[in-house]
Amino acid sequence: MELPEFMQYSNKFTKGEFVEKISRIAKRAGAKLVYAALLLFYTLQSDQISLKDKAIIIGALGYLISPLDVVPDAIPIAGLGDDLAVLIFVLQKVWGEVSEDIKKKAQDKLKEWFDDDEILEINGLFDNE
């Protein structure tokens, strides 16, 4: 079976490359954005997810790491808002595929980059985006 054209970009989401990129923006982005990105990244690695869901996750993560944005990331406060909106939208679409194991992996990675008080902002991830 030939993979759809979008799958050619899946090599951009190797664990090392993605984690290195997200760790560079982690403090500026905030725990909520990073948690959403990690949830999608770990869900993408699951064998249980459909190609359709993989396609939308790759699109969302690609938008996050792309230097081209609707609102440039360098703009204070607003710069990462569009990225978070895209991640949350896609995360809501695939939420049924996000296992408790994936949530734990994402939370464990957050603990490496954020203080406990910063991690509290992931509570209510879908509230008030």
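Now for a quick tour of the structure.

What counts, and where the lines are drawn
Residues numbered from 1 in each chain as written. Predicted model: local features only at pLDDT ≥ 70, side-chain atom pairs only at ≥ 80, totals over all residues. Heavy atoms only, no water. Helix = DSSP H or I, 4+ residues; strand = E, 2+ residues; numbered from the N terminus. Buried < 20%, exposed > 50% of the residue type's maximum accessible area, 1.4 Å probe, protein only. Contact = heavy atoms within 4.5 Å. Areas by Shrake-Rupley, 256 points an atom, 1.4 Å probe, with all protein chains shown as cover. Phe/Tyr/Trp six-rings, centres within 6.5 Å; stacked < 30°, edge-to-face > 60°. Polar contact = N/O pair within 3.5 Å; in protein donor to acceptor, adjacent residues only side chain to side chain.

### Points about the overall build of the chain
Along the chain, the regular secondary structure elements total six helices and zero strands. Sequence-ordered secondary structure for the chain, helices as α and strands as β, is α-α-α-α-α-α. Within the chain, the fraction of its 129 residues that count as buried is 43%. Relative to all contacts within the chain whose residues are 6 or more apart in sequence, the contacts with residues 24 or more apart total 71%. As presented, the chain carries roughly 7500 Å² of accessible surface, and 54% of it is formed by carbon and sulfur atoms.

### Examining the packing of aromatic side chains
As enumerated under the stated definition, the model contains one aromatic pair in all. Considering the side-chain rings of F41 and Y42, the 5.5 Å spacing of their centres and the 55° angle between planes classify their relative orientation as tilted. For the pair shown, F41 and Y42 are each scored as buried.

### Looking at the environment of K93
Within the secondary structure, K93 sits in helix α4 (residues 81-94). Looking at K93, the relative accessible area reads 54%, which means it is exposed. K93 sits 37 residues away from I56 along the chain, and the two C-alpha atoms are 9.0 Å apart.

### A few points about the environment of S99
With respect to the helices, strands and loops of the structure, S99 is situated in the loop between α4 and α5 (100-113). Separated by 53 residues in sequence, S99 and S46 place their C-alpha atoms 9.5 Å apart. Polar side-chain contacts of S99 include one of 3.1 Å to the backbone nitrogen of I102.

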